[in-house]
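Read off the chains here:
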Amino acid sequence: MKKVSAAEVATALEVPESPLPPQIQEALGELVGAAREGLLALSVGVGLGVVHELMEGEVDEVVGPKGKWNPDRTAKRHGHEDGSMTLGGRRVKVHRPRIRSVGDEHELPVATYEYFADRDPLTRAVMDRMLAGVSTRKFAVVGEPVGSEVEQTSSSTGKTTVSDMFIERTRTALSELMSRRLEDVRLAVMMLDGIEIADRTHVVALGISTDGVKLPLGLWEGSTENATLARTLLADLVDRGLDPEQAILFVIDGGKALRRAIKDVFGERALVHRCHRHKERNVCDLLPERERDTVRARMRAAWALSDPELAKQRLELLASELDHSWPDAGRSLREGMVDTLTLMRLGITGQLAKTLSSTNPCESMLEIVRYTQRNVKRWQDGDMRKRWTAAGMLVAEQQFRRIIGYRHLATLVIAIERHAIHVAPNPDRQEIAEPVTV
């Protein structure tokens, strides 16, 4: 399809030499001027005209045609006044009609005006641009061109106004995230990880449903990833309706505090898998550069096996060798070694095992959080930190896709259920007590 430039549109709209009524010539002249400023400016000019026509049409519907007596009318015209509507990331002035009841008891709303006057599209634009890295000072600069005449009378693009709207919007985002009800959420996996912001730690929870859908569950702030903070996190999820009896696999970065909190809230039956990538980094950071590639390759080779006992033997052998030359690395490898084999013990292999072997799905969300915060230079308080993190998590949620290997999540849930019955048999669930082949 051939593209048409703004100049061509302006040329096509040039007023012809043939005589036309003055009002039509005036309207065409305005359209030509707007077209020369750009197609969007042309659309804005046309759109504002349509809005005014819609408002006047609604008044005619409620009051009746102007100049025609109607003894049964319930409302009357009450002149016009200045108002504003959201357009192109700014507030634009409009001349709005007013309606009052016949007896002057009260003013009646003009639904068309209220719809277009809604500030929500503006606050959404503020949030989107701020999270994309636009500063409050440059908010108006990156706005869509709406024409010089409209631009001169527009408002709500100042630094303070934009900042206030962003605070309001992110506070709403934080409230929405932390008040999500979880009664109807059926999780297969929960990933827990932390992010450092201005010398404070945010522990975040990401759920993966049995359908493979990722869902940000919440965030909690503390000085470190301590057990109290993690316990508060998990207890809050239960308070919001999450069933602690669900067969959930917890994937964590390796912090002992998280491990202890999971046990306290979800009991002994809770299955924990340690992130392979975190374990690799913890071990390799204690090795000289020349040793790291070899040790990393041997760890990955062990985790690629399907026999958990054989994998454990390979890792134990590697730890024993490290004890002689780099004992700290050997101790790091042994710490939580069994938890790195949880998926293997459950019989989960292939794409699903690759996806769940690390906290990468949660890390991807945190990377988006870091990206949205990249231009923040001064953190003022805890509320500001939490608001920005919550906003970033919700931005990440808009980009989520199902995890790779989601079709095998049912197999994972069955395997976790079997483990739960083996660890703590429940008389009410004897019908599924028989071993399941995974």
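Our subject is the structure listed above.
Since the model is a prediction, treat every value here as computed from it, not as a measurement.

Colleague: Could you give me a rundown of unusual backbone geometry, with the residues and numbers involved?
Modeller: As a rule of thumb, non-glycine residues mostly have phi less than zero, and peptide bonds are mostly trans rather than cis. We note that A198 has phi near 50 degrees; this positive angle belongs to a residue other than glycine. Residue A198 is classed as partly exposed on the basis of its relative accessible area of 38%. Non-glycine residue D199 carries a positive phi angle of around 65 degrees. By relative accessible area, which is 73% here, D199 ends up exposed.

Colleague: Explain the nonpolar core to me, using residue names and the numbers behind them.
Modeller: V189, L249, L356, M365 and L412 are the most contacted members of the largest nonpolar core, which has 37 residues in total. Those elements giving two or more residues to this core turn out to be α7 (159-178), β4 (187-197), β5 (200-209), β7 (249-252), α15 (350-356), α16 (360-372), α17 (382-399) and α18 (409-423). Residue contacts for V189: discarding those within four places in its chain leaves L206, G207, I208, I248, L249, V251, L356 and L412.

Colleague: Would you mind going over the sheet that holds β7 in detail, with residue names and values included?
Modeller: Spatial strand order, β6-β5-β4-β7-β8: five strands in an open sheet with mixed pairing. Edge positions in the sheet fall to β6 (214-222) and β8 (271-274), since each has one partner strand and no second. Strand-to-strand twist across the sheet, computed as the mean angle between neighbouring axes with direction ignored, equals 20 degrees. Pairing between β4 and β5: 10 bridges, direction antiparallel. Bridging across to β5, E196 finds its partner in T201. Of the strands in this sheet, β4, β5, β6 and β7 touch helix α8 (residues 227-239), which is tilted by about 140 degrees from β6. Contacts from helix α9 (residues 256-266) reach β4, β5, β7 and β8 within the one sheet, and its direction differs from that of β7 by about 160 degrees.

Colleague: Can you tell me about the side chain of T342, naming the residues and giving the values?
Modeller: Along the chain, T342 falls in helix α14 (residues 342-345). A relative accessible area of 1% places T342 in the buried class. In contact with T342, not counting residues within four places along its chain, are L249, L271, V272 and H273.

Colleague: Report on the pattern of salt bridges, specifying residues and quantitative values.
Modeller: One pass over the full model with this rule turns up 27 salt bridges. R171 is paired through a salt bridge with D383; the nearest N and O atoms lie 3.3 Å apart. Here R171, found in helix α7, pairs with D383, found in helix α17; they are 212 residues apart in sequence, far enough to count as distant. A relative accessible area of 30% means that D383 is categorised as partly exposed. Counted as one network, the salt bridges with shared partners bring together E81, R96, R98, R100 and E107.

Colleague: Describe in detail the environment of D211, supporting the description with residues and values.
Modeller: If you trace the backbone, D211 turns up in the loop between β5 and β6. Put simply, D211 and R186 are 25 residues apart on the chain and 8.8 Å apart in space, counted from C-alpha to C-alpha. Excluding its chain neighbours within four sequence positions, the residues that come into contact with D211 are R402, Y406 and L409.

Colleague: Kindly report on the packing of helix α12 (residues 308-325) against helix α13 (residues 327-334), identifying the contributing residues and their values.
Modeller: Interhelical geometry of α12 versus α13 gives an angle of 155 degrees and a closest axis separation of 6 Å. When the interaxial angle is binned, α12 and α13 end up roughly antiparallel. Where α12 crosses over α13, the handedness of that crossing is left-handed. Contacts between α12 and α13 involve L315, E316, L318, A319, S320, L322, D323 and S325 from the former and P327, A329, G330, R331, L333 and R334 from the latter. The class makeup of the residues in the contact of α12 with α13 is seven nonpolar, three polar and four charged.

What counts, and at which threshold
Residues numbered from 1 in each chain as written. Predicted model: local features only at pLDDT ≥ 70, side-chain atom pairs only at ≥ 80, totals over all residues. Heavy atoms only, no water. Buried < 20%, exposed > 50% of the residue type's maximum accessible area, 1.4 Å probe, protein only. Core = buried A, V, L, I, M, F, W, Y, C linked by side-chain atoms within 4.5 Å. Helix = DSSP H or I, 4+ residues; strand = E, 2+ residues; numbered from the N terminus. Contact = heavy atoms within 4.5 Å. Pairing = 2+ DSSP bridges. Axes fitted to C-alpha atoms, helices over the stretch in contact; angles between N-to-C directions. Salt bridge = Lys/Arg side-chain N within 4 Å of Asp/Glu carboxyl O. Parallel < 35°, antiparallel > 145°, perpendicular 65-115°, else oblique. Left-handed = near helix turned anticlockwise from the far one by under 90°. Nonpolar A, V, L, I, M, F, W, Y, C, P; charged D, E, K, R; others polar.

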